[in-house]
Amino acid sequence: MTEADPGFPEACRVVFAAEVGSTNDEARRLLLAGTPAWTLFWAGSQSGGRGRDGRSWSSPPGNLYASLVLRPPGPPARVAQLAFVAAVAVGEALRGILPAGRRVSLKWPNDVLADGRKLAGILLESEGARADGIDGLVVGFGVNVASFPGEARLPATSLRAEGAGDIHPREVLAACLRALRRRYEGWAVDGFAPARAAWMEAAHGLGAPAIARLPDREVRGIFAGLAEGGEMLLETPDGPRRVSAGDVFFPPPA
Ligand code: BTN
């Protein structure tokens with residue numbers, strides 16, 4: 001069912017289904033069928049929601065599950081910047097919904113936290129990557145609106161638990177889409193620098209001891225920010241390091 005809403009940006013075409021496996025799969029199907037950029041697939045719940053690194057994403061009714069089709073120009077390395085552009089946008093949207101005083105921060109690469117607890121996650125999947133470009137990109141985002149998983153890798157929270165009241169996922173989606181559109185256009189015109197600066201301003205754990213868990217080893221250092229290519233910068237005893245894959249953890253002070 002296609003949804004029209006005065007709160008969604010005009011360029012967006014929103015398709016809704018009560019339940020799907022994963023909205024990223026539905027959006028990819030639309031992408032491959034030639035749907036224009038800014039088509040978004042939104043679902044009330046997911047039976048096979050996916051997180052980063054092959055993890056599952058708990059997807060009961062009441063939260064937001066949405067995947068946006070984009071067709072950004074440029075090589076894969078440039079398009080990868082959109083993971084951070086999207087995190088900045090979703091963070092800005094959620095900051096505008098939460099009561100004043102809640103600190104919204106961004107954890108590398110693209111988790112959105114409220115007072116240190118995970119509120120939203122983002123999963124980018126590209127299609128048809130070549131050296132000089134991609135066929136399209138799916139930006140999937142999940143926001144804990146009404147509930148959050150009790151058993152999660154990171155402590156989690158929801159908009160409702162943080163005092164946002166009984167907000168409907170549709171309102172959260174509209175705010176996210178407006179922010180995504182604004183930030184995407186900024187990126188297309190001005191490049192990565194403005195979003196990178198905004199990401200750094202909201203960064204979780206900047207200047208703190210961090211452990212980057214890579215597929216085959218751990219790197220320990222002080223988290224020094226985000227490189228121009230989106231890598232995590234770590235100051236290690238062996239000098240500066242750039243980490244481009246994996247997860248970051250901030251051990252509590254001993
Ligand atoms: C993460 O933090 O690991 C990323 C989570 C991304 C979840 C969203 S929910 C909508 C979209 N569909 C999916 O299957 N995953 C993303």
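Anything mentioned here points back to the structure above.
Here goes a summary of the coordinates provided. (Residues numbered from 1 in each chain as written. Predicted model: local features only at pLDDT ≥ 70, side-chain atom pairs only at ≥ 80, totals over all residues. Heavy atoms only, no water.)

Some words on the overall build of the protein chain
- For the protein chain, the helix and strand inventory stands at 5 helices and 13 strands.
- A compact globule built from 254 residues would reach a C-alpha radius of gyration of about 18 Å, and the protein chain, at 17 Å, matches this within 12%.
- Taking the principal axes of the C-alpha coordinates as reference, the protein chain spans close to 55 × 45 × 30 Å.
- Within the span of the protein chain, comprising 254 residues, buried residues form 52% of the whole.
- Contacts spanning at least 24 positions in sequence make up 64% of the contacts within the protein chain whose residues lie at least 6 apart.
- Taken as a whole, the protein chain presents about 11,300 Å² of accessible surface, with 53% of it coming from carbon and sulfur.
- Where the 28 positive side-chain charges of the protein chain centre and where its 28 negative ones centre are 1 Å apart. (Helix = DSSP H or I, 4+ residues; strand = E, 2+ residues; numbered from the N terminus. Rg over C-alpha atoms; globule rule 2.2 N^0.38 Å. Buried < 20%, exposed > 50% of the residue type's maximum accessible area, 1.4 Å probe, protein only. Contact = heavy atoms within 4.5 Å. Areas by Shrake-Rupley, 256 points an atom, 1.4 Å probe, with all protein chains shown as cover. Lys, Arg positive; Asp, Glu negative; His and termini not counted. Charge placed at Lys NZ, Arg CZ, Asp CG, Glu CD.)

Quick notes on the environment of Val 14
- Secondary-structure assignment places Val 14 in strand S2 (residues 13-20).
- Assessed through its relative accessible area of 0%, Val 14 is described here as buried.
- Between the C-alpha atoms of Val 14 and Ala 174, which are 160 residues apart in sequence, the distance is 10 Å.

So, the sheet that holds strand S8 (residues 136-143)
- Here we have 8 strands laid out as an open sheet, ordered S1-S2-S3-S4-S8-S7-S6-S5, and mixed in their pairing. At either margin of the open sheet sits one strand with a lone partner, and together these are strand S1 (2-3) and strand S5 (104-107).
- Alignment of strand S7 (residues 117-127) against S8, held across 8 bridges, turns out to be antiparallel. Looking across to S8, one finds that Glu 127 is bridged to Gly 136.
- Packing against the sheet, helix H1 (residues 23-32) makes contact with S2, strand S3 (39-46), strand S4 (64-70), S7 and S8, and its axis sits at approximately 150° to S3. (Pairing = 2+ DSSP bridges. Axes fitted to C-alpha atoms, helices over the stretch in contact; angles between N-to-C directions.)

Examining the site of the ligand
- Contacts to the ligand come from 20 residues, most closely from Ser 22, Gln 46, Arg 50, Arg 52 and Lys 118.
- Interatomic distance of 2.7 Å between a backbone N/O atom of Arg 50 and a nitrogen atom of the ligand.
- The contact in question runs from an oxygen atom of the ligand to an N or O atom on the backbone of Arg 52, over 2.7 Å.
- Here the ligand loses 98% of its free accessible area of 410 Å² to cover by the protein chains.
- Residue assignment for the shell around the ligand shows that the elements contributing at least two residues are H1, S4, S7 and S8.
- When residues of the shell around the ligand are assigned to their parent elements, the largest contribution, 4 residues, is made by S7.
- In the shell around the ligand, the residues fall into 6 nonpolar, 10 polar and 4 charged. (Near = heavy atom within 4 Å. Polar contact = N/O pair within 3.5 Å; in protein donor to acceptor, adjacent residues only side chain to side chain. Nonpolar A, V, L, I, M, F, W, Y, C, P; charged D, E, K, R; others polar.)

A short note on the pairing of S5
- What you see with S5 is no split at all: Val 104 and Leu 106 on one side and Ser 105 and Lys 107 on the other are buried throughout.
- One ladder, built from 4 bridges, connects S5 with strand S6 (residues 111-114); its direction is antiparallel. Each residue of the ladder has a partner; that of Leu 106, found in S6, is Val 112.

Some words on helix H5 (residues 193-201)
- All of the buried residues in H5 are Ala 195, Ala 198 and Trp 199. Buried positions in H5, seen along its axis, are confined to an arc of 105° and lie on one side of it. Exposed residues pointing more than 90 degrees away from the buried face of H5 are listed as Ala 193 and Glu 201.
- Where H5 is buried, its residues touch helix H3 (82-97), S5, helix H4 (169-190) and strand S10 (218-226). (Arc of directions from axis to C-beta.)

Considerations on the state of the cysteines
- Within the structure shown, the criterion is met by 0 disulfides.
- Among the cysteines around Cys 12, which has no disulfide bond, Cys 176 carries the closest sulfur, lying 11 Å off. (Disulfide = S-S within 2.5 Å.)

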